[in-house]
Amino acid sequence: MKRAFWTVVLFAVLLAACASVDLNAPIPVYDTGVDPNAWALIPAGTFIEGQFDHPASIDYDYEMMVTDVTVSQYVDFLNKALADGTIKISGDQIIGFYPGDVFHGVKHEVRIDPGDYIIVPTDDPASRFTFDGTTFTVKTGWENHPMTNVSWFGARGYCGYYGWRLPTELEWEKAARGSEDDRPFPWGYDIARNNANFYASRDPFEDMSSFGSRTTPVSFYNGNAYDGYVTLDSASPYGLYDMAGNIWQWTGDVYEGQHYRYTRGGSKDTYDMDLRVWVRNNATPTYYSPGVGFRCVRNP
């Protein structure tokens, strides 16, 4: 498996060595004041891409969600899509149809034929929702946290259900960095603990001696203070929040001869260096994790 898998495994091992992780520990509840239904316009034009500052261009306008998709938004989708037959139950999984990828027979490539693939597991204790066999329900307090434990198929399925799509890696990077300079982080050139949710950032949702590292509400790092914890306004130049830290974000590219899908942004379980806008990670499209989620893009 690739790095996304090993990040979570290593993190779990470290926690297990210290103490049992309490997945149901109470959480503080904060209203960040940012609408998770908002979209930001990313205009066509040039920008600087990658660690080595390659000139790049996107010749069309597009819009991206200001925040990651929340647990509340995703649970609403699950209930609607389950009711209308778009997705269905299979054992301890919710599955949905994917049309498949062209198979090129490249070394290590895995065939992905048309068929049903996992959207989300229904019984994972790390999920922030419950399922009683009929209805999905958000666990209290997690409504405005990013949706996690969702596969690439589940992320793509959500976006497609509403006529949207996952961003390409290039679209994601422009939205994160802007077009004015070569900044490594969405907000600028340096990173502080209260810029983003990353490993040992000491936010109110992290306690490595008990419940470990947890997500923060979407757009938590917007300059507000929460019970004495003062955040820095860490939006991207286009006003997007959590483009660094909190969760890795699935992107939509399907590369020829590869079965892996790529994520961007770093997460609550990675070090600050992994929050730079050019860092990428990958995993199989059936992979899901408490540190992986997504947001969508659409044509204006």
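Residues numbered from 1 in each chain as written. Predicted model: local features only at pLDDT ≥ 70, side-chain atom pairs only at ≥ 80, totals over all residues. Heavy atoms only, no water.

## What to know about the environment of D84
Filter applied, for reference: Per the convention used, a helix needs a DSSP run of H or I reaching at least four residues, while a strand needs a run of E reaching at least two, with both numbered from the N terminus.
Here D84 lies in the loop between α2 (71-83) and β5 (87-90). When the C-alpha positions of D84 and F103 are compared, they lie 31 Å apart, and in sequence the two are 19 residues distant.

## Overview of the pairing of strand β15 (residues 261-264)
Condition: Throughout, exposure labels follow a simple rule: accessible area from a 1.4 Å probe, protein chains only, divided by the maximum for the residue type, with under 20% read as buried, over 50% as exposed, and the rest as partly exposed. A strand pair is defined by DSSP finding two or more bridges across the two strands.
Residues R261 and T263 line one face of β15 and the alternating positions Y262 and R264 line the opposite face, and both faces are buried. Where strand β14 (residues 248-250) and β15 come together, two bridges link them in antiparallel fashion. Bridged to Q249 within β15 is R264. Examined bridge by bridge, β15 and strand β16 (residues 280-283) share four bridges and lie antiparallel to one another. Counterpart to T263 in the pairing with β16 is N281.

## Let's talk about the sheet that holds β16
Note the following rule: Note on contacts: a residue pair is in contact if any heavy atoms of the two residues lie within 4.5 Å. Only the contacting stretch of a helix is used when fitting its axis, a line to C-alpha atoms as for every element, and angles between N-to-C directions run 0 to 180 degrees.
Overall, mixed pairing links the four strands, which are arranged β16-β15-β14-β17 in an open sheet. Only two strands of the sheet have a single neighbouring strand rather than two, namely β16 and β17 (292-293). Lying on the sheet, helix α4 (residues 169-177) is in contact with β14, β15 and β16; it crosses β15 at an angle near 0°.

## Some points on the sheet that holds strand β18 (residues 297-298)
What the three strands build is an open sheet, ordered β1-β4-β18; its pairing is antiparallel. Both edges of this open sheet fall to β1 (39-42) and β18, since each of them pairs with a single strand only. In terms of strand pairing, β1 meets strand β4 (residues 62-65) through four bridges, oriented antiparallel. Its bridge partner lying in β4, W39 is registered against M65. Packing of α4 onto the sheet brings it into contact with β1, β4 and β18, and relative to β4 it is tilted by some 75°.

## A look at the environment of P114
Here P114 shows up in the loop between β6 (93-98) and β7 (115-121). Given a relative accessible area of 54%, P114 falls into the exposed group. Linking P114 and F185, residues 71 residues apart in sequence, is a C-alpha distance of 38 Å. Those residues within four positions of P114 in sequence are excluded, and the remaining contacts are F97, Y98, P99 and G100.

## Observations concerning the state of the cysteines
Disulfide: a covalent bond formed between the sulfur atoms of two cysteine residues. Here is the rule we go by: In plain terms, two cysteine sulfur atoms within 2.5 Å form what is called a disulfide here.
In total, this model carries one disulfide according to the counting rule given. Paired by a disulfide, C159 and C296 hold their sulfur atoms 2.2 Å apart. Judged by the sign of its S-S torsion, about -85°, the cystine formed by C159 and C296 is left-handed. Here the residue C159 occupies a position in helix α3 (residues 152-161), and C296 occupies one in the loop between β17 and β18, the gap between them amounting to 137 residues. With respect to burial, C159 and C296 carry one shared label: buried.

## Quick word on the nonpolar core
Selection rule: We call a set of buried Ala, Val, Leu, Ile, Met, Phe, Trp, Tyr and Cys residues a nonpolar core when their side-chain atoms join them within 4.5 Å.
Y74, V120, Y158, W250 and F294 are the most contacted members of the largest nonpolar core, which has 64 residues in total. Of the residues forming this core, the biggest block, seven residues, is contributed by α2. In terms of nonpolar packing, the next biggest core, distinct from the first, is built from six residues, F185, W187, A196 and L275 among them.

## As for α4
With eight of nine residues buried, α4 lies mostly within the body of the structure. Listed as buried for α4 are E169, E171, W172, E173, K174, A175, A176 and R177. Backbone geometry just after α4 places G178 at a positive phi near 85°.

## What about unusual backbone geometry?
With a phi close to 65°, R202 is a non-glycine residue in the positive phi region. Tracing the sequence through the fold places R202 in the loop between α4 and β10 (206-207). In this structure, D242 is a non-glycine residue whose phi angle is positive, near 60°. With respect to the helices and strands, D242 occurs in the loop between β13 (229-230) and β14. Take D242: its relative accessible area is 5%, and that puts it in the buried class.

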